[in-house]
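Below are the chains, spelled out letter by letter.
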Amino acid sequence: MSASVTVPPTAAAPGGPGPGGKSAKRPSSSGRRAPKGIRRSEGIAGWLFTAPMLIILGLFLVVPVLMALWVSFSDWSGRGSPFASSVNFVGLDNYDQLLAGGGLAERDFGVALRNNAWYVLLVVPIQTALSLFLAVLVNRQVLKGRGFFRTAFYFPSVTSSVAITVLWLFLFGASGAVNKVLSWFGVNGPNWFQDPSGVVHNLLAAVGITQGPAWMTENTTLGVSWWDWWAGPSVAMSAFVLMAVFTTSGTFMLLFIAALQNLGGDVQEAAMIDGANGWQRFWRVTLPQLRPTLFTVLTLGLIGTWQVFDQIYTGTQGGPGKTTVTPAYLSYTSAFESQDWGRGAAIAFVLFVIIVVLTIIQRIVLRDRPVSKRRMRAYSIASSQTANKEGRA
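Every chain is numbered independently, its residues counted from 1 as its sequence is written. Predicted model: local features are reported for residues with pLDDT of at least 70 only, side-chain atom pairs are reported and counted for 80 or more only, and whole-chain, interface and lining totals are derived from all residues. Computation of side-chain values covers all heavy atoms of the structure but excludes hydrogens and water.

For the protein chain, an unreviewed UniProt entry supplies the name Sugar ABC transporter permease and the organism Herbiconiux gentiana. UniProt positions are given in the numbering used here, feature names are shortened, and annotations may be inferred rather than shown by experiment. As stated in UniProt under Sequence similarities (unreviewed entry), the record for the protein chain gives "Belongs to the binding-protein-dependent transport system permease family."

Printed below as a string of structure tokens:
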């Protein structure tokens, strides 16, 4: 005789339907919210741990920046407190003298921007391409002594910029090692740090063009004619360009090496199976995966090149003929030598705006974009053809 067990209709198995056919909900341990007291204490502890750094940043970064911003709107001469009653608020006068004053201040600022713009246009692409090339080179498994080459390429980056500048003055002197090497090939090297002529103008003069058209020589921007804007970097500034590439490529090489070592090999293997050669794998597979690192390298390079100061101060101090003056160095001379602190602070903030705008543009250019419909169509056609071939096989 078998015994039967009857389950009451109101009872329900765990997780099954409850009374009235509704499922019984069980509280989830993962969904529990911490008590407000614990969350509040954690928040207080977080603020206590970060408070020292916030105080340091506030005292030595935020407060000086705000004071410099006030100085750029005042006529402070550098004596006494910038908040004294004798210091007057002059509004945008300092900025107007730089951007539309029509005097020497505007022309000096225009010359400094031109010099630095050519410096940025040359240094940033060259150092980025060179550092990426070195990273790919020393990251190869077949290369022996990779540690030695990494150290050798990185060593100039840890050397003092003042020491490198002094070395560069000797190497690129009129009778320096660089001109000596050029003489072996029958080239009479220039007096690098004493030649104010523009490289582009020198190239044009070599083909017989020594003067620009009237529409370029008669129109000006920031007190500098359009023909002079296209003069290119001076021979002296070209030496600084080479020095910047020499000293910074090693640092960015390490960033690219770290990014390359984090890439998975499965995508490379798939590209090799599909028949892609080495250049196609680098251009289509490796480089797109390096986009975040590429943005970091370009941003750091952009900021560093627009803030170049110590090489100019140690080497040429703006000469010859102001062809190596940069906005950072002009800000220093305006404030500390001419005692025009308002103009010096205004130059610094204009430079800050230039860097921010260029960084935003760079971010927009390097942003991730969705695959176009045309490429998606091509991918789908190629995939269907591959599937058909495999099905026939």
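There's more to say after this.
The next thing to look at is the packing of aromatic side chains. Paired rings are identified among Phe, Tyr and Trp, the last through its six-membered ring, by centres lying within 6.5 Å, and are further divided according to the angle between planes into stacked (under 30 degrees), edge-to-face (over 60) and tilted (the rest). All chains considered together, the criterion is met by 22 aromatic pairs. Between F309 and Y329 the ring centres are 6.0 Å apart and the planes differ by 35°, which places this aromatic pair in the tilted class. Here Y329 lies in helix α15 (residues 327-337) and F309 lies in the loop between α13 (291-306) and α14 (310-315), a separation of 20 residues in the sequence. Think of it in three bands: residues with accessible area under 20% of the maximum for their type are buried, residues over 50% are exposed, and the middle band is partly exposed, with areas taken using a 1.4 Å probe on protein chains only. For F309, a relative accessible area of 26% translates into the label partly exposed. For Y329, a relative accessible area of 5% puts it in the buried group. In this structure an aromatic cluster arises from ring pairing among W76, F309, Y313, Y329, Y332, F336 and W341. Distance and angle both matter: a charge sits over a ring if NZ of Lys or CZ of Arg is within 6 Å of the ring centre and within 35 degrees of the ring normal. Its end group placed over the ring of F295, R363 keeps NZ or CZ at 5.0 Å from the ring centre. Working definition: helices are DSSP H or I runs of at least four residues, strands are E runs of at least two. Numbering for both runs from the N terminus.

Let us now look at a nonpolar patch on the surface. Like-charged residues are merged into a patch within 9 Å and nonpolar side chains (Val, Leu, Ile, Met, Phe, Trp, Tyr) within 5 Å, provided each residue has over 30% relative accessible area and no salt bridge. The method behind every accessible area is Shrake-Rupley, applied with a 1.4 Å probe, and residues are considered shielded solely by the protein chains displayed. What makes a salt bridge here is a side-chain nitrogen of Lys or Arg within 4 Å of a carboxyl oxygen of Asp or Glu, nothing more. A contiguous nonpolar surface patch, about 1,000 Å² in accessible area, is contributed by M53, I55, I56, L57, L59, F60, L61, V62, V65, L66 and L69. Along the chain, L61 turns up in helix α1 (residues 36-72).

Considering the arrangement of structural elements, one finds F109 in helix α3 (residues 104-138). Each C-alpha atom of the pair F109 and I347 lies 8.0 Å from the other, and the pair is 238 residues apart in sequence. Whether two residues are in contact is decided by their heavy atoms, any of which lying within 4.5 Å being enough. F109 has contacts with L98, L99, L222, L330, I347 and V350, leaving out every residue within four places of it along the chain.

If you check UniProt for "transmembrane region" (unreviewed entry), the listed places come out as residues 46-73, 117-139, 151-174, 235-260, 290-309 and 345-366 in our numbering. The span residues 235-260 carries 100% helix and 0% strand; its end-to-end C-alpha distance comes to 36 Å. Secondary structure across residues 345-366 divides into 95% helix and 0% strand, with the first and last C-alpha atoms of the span separated by 32 Å.

Topologically, S72 is positioned in helix α1. Judged by relative accessible area, which is 0%, S72 ranks as buried. Polar contact criterion, stated in full: a pair of N or O atoms within 3.5 Å, where within protein one must be able to donate a hydrogen and the other to accept it, and residues adjacent in sequence count only if both atoms are side-chain atoms. Of the polar contacts made by the side chain of S72, one reaches the backbone oxygen of L69; its length is 2.6 Å. The residues contacting S72, other than those within four sequence positions of it, are G91, N94, Y95, G342, A345, A346 and F349.

A separate point is unusual backbone geometry. Cis geometry is found at the peptide bond from G319 to P320, where omega equals -5°. Turning to its location among the elements, P320 is positioned in the loop between α14 and α15. The phi torsion at L222 lies on the positive side, around 55°, for a residue other than glycine. With respect to the element layout, L222 can be found in the loop between β1 (220-221) and β2 (224-225).

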